[in-house]
Amino acid sequence: MEEKSLPASVGEKIAALRKERGLTQKQLAEKIYTSDKNLSKWETGKALPDLGFLLALCREFNVKTDYFTDENFSAADLFNAQRQKEIKRRFGVWTSVIAAIAGIPLFILAAARAYLPSPLPVHFNADFQADRMGDVRELSIGAMLLFVLTAAALITLIIYYVKRPNAPMFRSKRHIDAYCCVFLLVSLVSLATTVTSVISCHAAAQKQGLAPPDAEPFPIVMTAVLAFIYWLLASMLMFVPRNDFFGFRIPSAFASDFNWRAFNLSSALVMMCTALAIALATIYMPRPLDRTEALAGSLAPLLPALILSYLSGKIIILRRERRNAALPKDK
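Residues numbered from 1 in each chain as written. Predicted model: local features only at pLDDT ≥ 70, side-chain atom pairs only at ≥ 80, totals over all residues. Heavy atoms only, no water.

Engineer: So what's going on with the UniProt feature "domain: HTH cro/C1-type" (unreviewed entry) in the protein? Which residues, and what values?
Structural biologist: Using the residue numbers shown here, the UniProt feature "domain: HTH cro/C1-type" (unreviewed entry) corresponds to residues 14–68. With 60% helix and 0% strand, the stretch residues 14–68 has end C-alpha atoms that lie 8 Å from each other. (UniProt positions renumbered as here; feature names shortened; annotations may be inferred. Helix = DSSP H or I, 4+ residues; strand = E, 2+ residues; numbered from the N terminus.)

Here it is as C-alpha cells:
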C-alpha cells in the first residue's frame, strides 16, 4: 500500500476534526482567519498549513500538535516540513527580487539608445576627459558581463538548492538572507554603475557638441519598457505559489503544485529569454528602431512565447508522469 505524504496525512486529520465538530470548510476557515480555498488545499493534501494556522487549529479543536503526528511522521518531521516551507518561500522571494533588479541595466541601455549619439565618449582619463570614442554597444559590455556572472551564480545556487534542500547552507533563514544579500549587492552595484555610465557619457557627448541619434525616442523607449515589463512578470512567475490571481491560467496548472511550478517556471524562462532578446536587439541593431519595428519587435514574440511556455511545461509534466509510471508500485 502506498504511504501517504505528510501534507495528505495532516489534511486527513484536519478534515476528521472538522467533520467531528459538524463544521463546514467555510465556517472553520472563518474561525482561524483564512479562506475556505486554503482549507480545501490542506484537507486534500495539496498544501501543508503554516505553523501559525496549525496552532490555530490546535486551539480551535483543543488538541495538541502531537495529534497531527503518527508512526510515520513525528513532530520533528512536521516542524522540519514547516521550516523547509518557510525557507523555500523566502528563497523564492529573494530570487524573484534579485532577478528583477539584475536585468534592469540592460533595459536602461536599450532605452538609452534613443538619446546617446554614435560615436560616443566611453572612456575617461584621470582628469575626467573623454579619451576614447565608442558607442552604446561598447558601453553595454560591462553591464552584460556582470549580468551573466550574477545569473550564472544565482542559477547555480538554485540548482544546488533543488538538489540538496537540506544542505547546511539552507538550514536557516539567516543563511538564505546572507547569500542572497551578496547577489542583491552585486545587482545594485551593476545598476548604479550603468546609470552613472549612461549619465556621464551623455554629459560628455553634450559637452563635445555631439548630436543625438536622428531617431524618434518614443519607439525605442517603448520597446525597452515593454521588454522590462516582460522581464518583471517573468521574475514574479519564477516562484509564485499556487493561487487564484496570478500565474499560468490553464486548468492543468491547478492539478498539483508540481504542475503549477512546471508551467510557471517554463513561462518565466521563456519570457526572460524573450525580454533579453528584445533588449539586445534594441542595443545591437546598426541603427535605432523605428515605430513599426519597435511595435512588431515588442508584441510579435508574445504569442510564440506563450505557446512555447505551454509546450515546455507540458513536456516537463509528461516526463515526470512517465518516470513515475516506470517506478515499481508498492503493494
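Engineer: An account of the packing of aromatic side chains is requested, with residue identities and associated values reported.
Structural biologist: All chains considered together, the criterion is met by seven aromatic pairs. An angle of 45° between the planes, with centres 5.3 Å apart, marks the rings of Trp-42 and Phe-53 as tilted. Highlighted residues: Trp-42 in helix α3 (residues 36–43) and Phe-53 in helix α4 (residues 51–61), separated in sequence by 11 residues. Residue Phe-53 is classed as partly exposed on the basis of its relative accessible area of 23%. Members of the aromatic cluster, joined through ring pairs, are Phe-107, Phe-147, Phe-228 and Trp-231. In this arrangement the basic side chain of Arg-320 is found over the ring face of Phe-258, its NZ or CZ atom lying 4.0 Å from the centre. (Phe/Tyr/Trp six-rings, centres within 6.5 Å; stacked < 30°, edge-to-face > 60°. Buried < 20%, exposed > 50% of the residue type's maximum accessible area, 1.4 Å probe, protein only. Lys NZ or Arg CZ within 6 Å of the ring centre and 35° of its normal.)

Engineer: Report on a positive patch on the surface, specifying residues and quantitative values.
Structural biologist: On the surface, Lys-88, Arg-261, Arg-319, Arg-320 and Arg-323 cluster together into a patch of positive charge. Ranked by residues supplied to the positive patch, first place goes to helix α12 (residues 302–326) with three residues. Residue placement: Arg-323 occurs in helix α12. (Patch = residues over 30% accessible without salt bridge, like charges linked within 9 Å, V, L, I, M, F, W, Y side chains within 5 Å. Areas by Shrake-Rupley, 256 points an atom, 1.4 Å probe, with all protein chains shown as cover. Salt bridge = Lys/Arg side-chain N within 4 Å of Asp/Glu carboxyl O. Lys, Arg positive; Asp, Glu negative; His and termini not counted. Charge placed at Lys NZ, Arg CZ, Asp CG, Glu CD.)

Engineer: Go over the pattern of salt bridges, please, and point to the residues and values.
Structural biologist: In the structure shown here, the tally under the stated rule is seven salt bridges. In this structure, the salt-bridge partner of Glu-43 is Arg-18, at a minimum N-O distance of 2.6 Å. Separated by 25 residues along the polypeptide, Glu-43 in helix α3 and Arg-18 in helix α1 (residues 6–20) bring together distant segments of the chain. Glu-216 is the salt-bridge partner of Arg-291, the closest N and O atoms lying 2.4 Å from each other. Of this pair, Arg-291 sits in helix α11 (residues 291–299) while Glu-216 sits in the loop between α8 (173–207) and α9 (217–237), and the two are 75 residues apart along the sequence.

Engineer: Residue-level account of α3, with values.
Structural biologist: Leu-39, Lys-41, Trp-42 and Glu-43 are the residues of α3 that are buried. Where the residues of α3 are buried, they touch α1, α2 (25–31) and α4. Two residues or fewer past α3, Gly-45 is found with a positive phi of approximately 75°. (Contact = heavy atoms within 4.5 Å.)

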